[in-house]
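So you can see what is in the structure, the chains are spelled out below.
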Amino acid sequence: MGRPDAPASVRLRGLLDDPAELTVAQLRSLPSHHVEARFNCLGNGDQQHGFDGPRLWDVVRAAHPRVDLHGRKGRLRFLLTVTGTDGHCAVVSWAEIDPEFGGQQILLATSIDGAPLDSAGPQLVVPADYCGARYISGITEVWVGPFQREPLPG
Ligand SMILES: Nc1nc2c(c(=O)[nH]1)N[C@H]1C(S)=C(S)[C@@H](COP(=O)(O)O)O[C@H]1N2
Ligand SMILES: [Mo]
């Protein structure tokens, strides 16, 4: 949500050389893509929207994650979490968006059906998902880092 006079912003956190806090206007300065998305909500049925915005991949790369992209296996333990204003949170795996793996056109949408999201905050767009639950609106944070299993007891 955010106050109407205060534009929403997204914090980029985690294992990054250049963590940042970006407004929707700043996201718009990255190359923009259009996605016509259809998804299903358990409560509200089928939805269809047109979204515009940068790829999550481009947003994350601009923050310079400390991921070794020379080999192909080292990156596979990395994941992203995307969180909305209400705390709704989902994981996106690095390999889903890496062009050398799934290369999915996952967006941080800066507009929905032509309406700007500057005060609401960007929305995650996951075109391959049948269920709408990862279409997280009002994104406040994207965290990037490696999966680390906690030390096992004993
Ligand atoms: N921040 C946030 N985003 C969210 C949710 C939520 O609870 N919080 N619900 C998700 C679910 S379950 C669906 S189906 C879609 C619904 O999108 P709509 O509200 O445009 O129909 O939003 C998703 N985005
Ligand atoms: Mo849903």
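Owing to the predicted nature of the structure, the values given are computational and were not obtained by experimental measurement.

Parameters and conventions
The written sequence of each chain sets the order in which its residues are numbered from 1. As they are written, the chains are lettered A onward and the ligands numbered 1 onward, keeping that order. Where local features are concerned, this predicted model is filtered to residues with pLDDT of at least 70; where side-chain atom pairs are given and counted, the filter is 80 or more; whole-chain, interface and lining totals use all residues. Side-chain metrics in this entry use all non-hydrogen atoms of the structure; hydrogen atoms and water are not considered. Numbering goes from the N terminus for both helices and strands, where a helix is a DSSP run of H or I of at least four residues and a strand is a run of E of at least two. For every residue, the accessible area (1.4 Å probe, protein chains only) is compared with the maximum for its type, and the residue is labelled buried under 20%, exposed over 50%, or partly exposed between those bounds. Every residue pair with non-hydrogen atoms within 4.5 Å of one another is taken to be in contact. By salt bridge we mean one thing: a side-chain nitrogen of Lys or Arg within 4 Å of a carboxyl oxygen of Asp or Glu. What makes a residue near a molecule or strand is one non-hydrogen atom of that residue sitting within 4 Å of it. Polar contact is defined as a pair of N or O atoms within 3.5 Å, subject to the rule that within protein one atom must be able to donate a hydrogen and the other to accept it, and that residues adjacent in sequence are counted only when both atoms are side-chain atoms. Only the protein chains shown count as cover for residues, and all accessible areas are computed by the Shrake-Rupley method using a 1.4 Å probe. For this analysis, a nonpolar core means a set of buried residues of the types Ala, Val, Leu, Ile, Met, Phe, Trp, Tyr and Cys, connected via side-chain atoms within 4.5 Å.

Draft legend 1. Focus on the environment of glycine 145. In this structure, glycine 145 sits in strand β11 (residues 139-146). The exposure class of glycine 145 is buried, given its relative accessible area of 0%. In this structure, the C-alpha to C-alpha distance between glycine 145 and glycine 102, residues 43 residues apart in sequence, is 18 Å. Beyond its immediate stretch of four places on either side in the chain, glycine 145 contacts Leu15, Arg77, Phe78 and Leu79.

Draft legend 2. Looking closely at the pattern of salt bridges. On inspection of all chains with the given rule, the structure shows eight salt bridges. Between aspartate 17 and arginine 66 there is a salt bridge whose closest N-O contact spans 2.8 Å. Of this pair, aspartate 17 sits in the loop between β1 (9-14) and β2 (20-23) while arginine 66 sits in the loop between α2 (56-62) and β5 (78-84), placing them 49 residues apart in sequence. Classification of aspartate 17 as partly exposed rests on a relative accessible area of 47%. With a relative accessible area of 48%, arginine 66 lands in the partly exposed category. The salt bridge involving arginine 134 is made with aspartate 129; its shortest N-O contact spans 2.7 Å. In this structure arginine 134 comes out as buried when scored by relative accessible area, which is 16%. Judged by its relative accessible area of 17%, aspartate 129 is buried. Connected via shared salt-bridge partners are Arg72, Arg75, Asp98 and Glu100.

Draft legend 3. Highlighting the site of ligand 1. Around ligand 1, a shell composed of Phe39, Cys41, Gln47, His49, Asp86, His88, Gly132, Ala133, Tyr135, Ile136 and Ser137 is seen. Between tyrosine 135 and ligand 1, the recorded distance is 2.8 Å, taken from a backbone N or O atom to a nitrogen atom. At 3.0 Å, a backbone N or O of serine 137 approaches a nitrogen atom of ligand 1. With the chains in place, 68% of the 530 Å² that ligand 1 exposes on its own is no longer accessible. Put simply, the parts of the chain that give the shell around ligand 1 at least two residues each are β3 (33-41) and β4 (45-53).

Draft legend 4. Up close: the nonpolar core. Ranked by size, the top nonpolar core spans 36 residues in total, and within it Leu56, Leu80, Leu124 and Val142 carry the most contacts. Sort the elements by how many residues they give to this core and α2 lands first, with four residues. Other than its neighbours up to four places away in sequence, leucine 56 contacts Leu80, Val92, Ile97, Ile106, Leu107, Leu108, Leu124 and Val142.

By themselves, these figures tell us nothing about what the structure is for.
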